[in-house]
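Chain by chain, the residues run as shown.
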Amino acid sequence: MIAGISVYNLLWYFLFYSFGGWVVEVIYHAVRHGKIVNRGFLNGPICPIYGMGVDGLLIVMHLIQPVDAGYASPVLVFIVGTIVCTLVELIVGWLLDVRYHTRWWDYSNLPLNFHGYICLGFSLVWGLAVVLVFKVVHPWMQQQTNRMTDFLPQPWGWILLAVFYTMLLADLIVTLAFLAGLEKEIKELGRIRASMRKVSNGLTETIGNSSVKVAQTVQHGQVQAALGAREGRERLAETLEEEKIRFAQSRVGENMMEMQSRYDQLVQRITTSHSAHRIFTAFPDIHLHEGSELKDTFSEIKEKLTARIDSSKKGQTRK
């Protein structure tokens, strides 16, 4: 028992409300954006943050006043719900930002927000939603849980819970492994971009200096302005071509082509990944925080993924 609530019931509540939260997210996204998307952080139809939030609220409210007996007033439920949900959203958003350096949601463009993690408007919405859950949904959920116990004895119920939570754990491991791999690949892309930019800047400087020297030589020895200009253009074009050929044949040029090939392979792997498609579709506003060295690389990947997703949807529509 935790705060007077059986662990058995809390485990079922977590699953029920996580699934219910996923349904709400899908409906909200469909109404707002006109798109049906799997809005879960995980692959399955579940949003664990909702299950965690409701279970946490149940424990807190039972410590304050018995919710099951209906003693908790709507005002108290609203206040506690607003505070707890806001804290959960703040902590989860901050942890995702610290661990993956990404913003999965961002309220920065809304008034009275705190670093984009939370904002007053959504906190009040969460509070009203909690009142609805506790006064309407949860009493019904309790009845269904009790009825389920009647035809599904606890030993079998525990086995079923073990199956569900094993699937949930496997889904979580796969998702976290993908995110860790994605983070590693984006960092590698960032390093390759930086190296290619360094080589490109060096090549630009070399060609620029050679071009200036040719132009100065032609101008110094020109007999007629028109002839000098024409000869200068010809010599300049030849110099540029020679420098490009020399660069391509050099070891630096070979390294540049190898880096470009590796870069293209990584981009191809990420943009064709099913998991990447799911994450970027479910969280279209996901982005790296300001000041990140990998912001440009991440934005490029997101643009390519979005273009590929849109192209895929258009192809399915034609069919």
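Preceding block: the structure.
Cut-offs used in this document
- Residues numbered from 1 in each chain as written.
- Predicted model: local features only at pLDDT ≥ 70, side-chain atom pairs only at ≥ 80, totals over all residues.
- Heavy atoms only, no water.
- Helix = DSSP H or I, 4+ residues; strand = E, 2+ residues; numbered from the N terminus.
- Expected span 1.5 Å × (residues − 1).
- Buried < 20%, exposed > 50% of the residue type's maximum accessible area, 1.4 Å probe, protein only.
- Phe/Tyr/Trp six-rings, centres within 6.5 Å; stacked < 30°, edge-to-face > 60°.
- Patch = residues over 30% accessible without salt bridge, like charges linked within 9 Å, V, L, I, M, F, W, Y side chains within 5 Å.
- Areas by Shrake-Rupley, 256 points an atom, 1.4 Å probe, with all protein chains shown as cover.
- Salt bridge = Lys/Arg side-chain N within 4 Å of Asp/Glu carboxyl O.
- Contact = heavy atoms within 4.5 Å.
- Polar contact = N/O pair within 3.5 Å; in protein donor to acceptor, adjacent residues only side chain to side chain.

**Describing helix α2 (residues 48-64)**
For α2, which comprises 17 residues, the first-to-last C-alpha distance of 24 Å matches the rise-based estimate of 24 Å (1.5 Å per residue) to within 8%. Of all the positions in α2, only Pro48, Tyr50, Gly51, Gly53, Val54, Asp55, Leu57, Leu58, Met61 and His62 are classed as buried.

**Let's talk about the packing of aromatic side chains**
A complete count under the given rule lists 10 aromatic pairs for this structure. Relative to Phe164, the ring of Trp12 lies with its centre 6.1 Å away and its plane at 80 degrees, an arrangement referred to as edge-to-face. Residue Trp12 is located in helix α1 (residues 7-33), and its partner Phe164 is located in helix α5 (residues 154-221); the two are separated by 152 residues in the primary sequence. A residue is classified by how much of its surface remains accessible, and Phe164, at 34% relative accessible area, is partly exposed. Considering the side-chain rings of Tyr50 and Trp126, the 6.3 Å spacing of their centres and the 75 degrees angle between planes classify their relative orientation as edge-to-face. With a gap of 76 residues between them, Tyr50 in helix α2 and Trp126 in helix α4 (residues 120-151) connect regions that are remote in the sequence. This pair shows no difference in class: Tyr50 is buried, exactly as Trp126 is.

**Points about a nonpolar patch on the surface**
On the surface, Val75, Ile79, Ile83, Leu87, Ile91, Trp94, Leu95 and Val98 cluster together into a nonpolar patch covering about 760 Å² of accessible area. Along the chain, Ile79 falls in helix α3 (residues 74-100).

**A closer look at the environment of Ser123**
Secondary-structure assignment places Ser123 in helix α4. The spacing of Ser123 and Val84 is 39 residues in sequence and 9.4 Å in space, taken between C-alpha atoms. Leave out the neighbours within four places in its chain, and Ser123 touches Thr82 and Thr86. One polar contact links the side chain of Ser123 to the main-chain carbonyl oxygen of Cys119, over a distance of 3.0 Å.

Everything listed is a geometric property; what it means functionally is a separate question.
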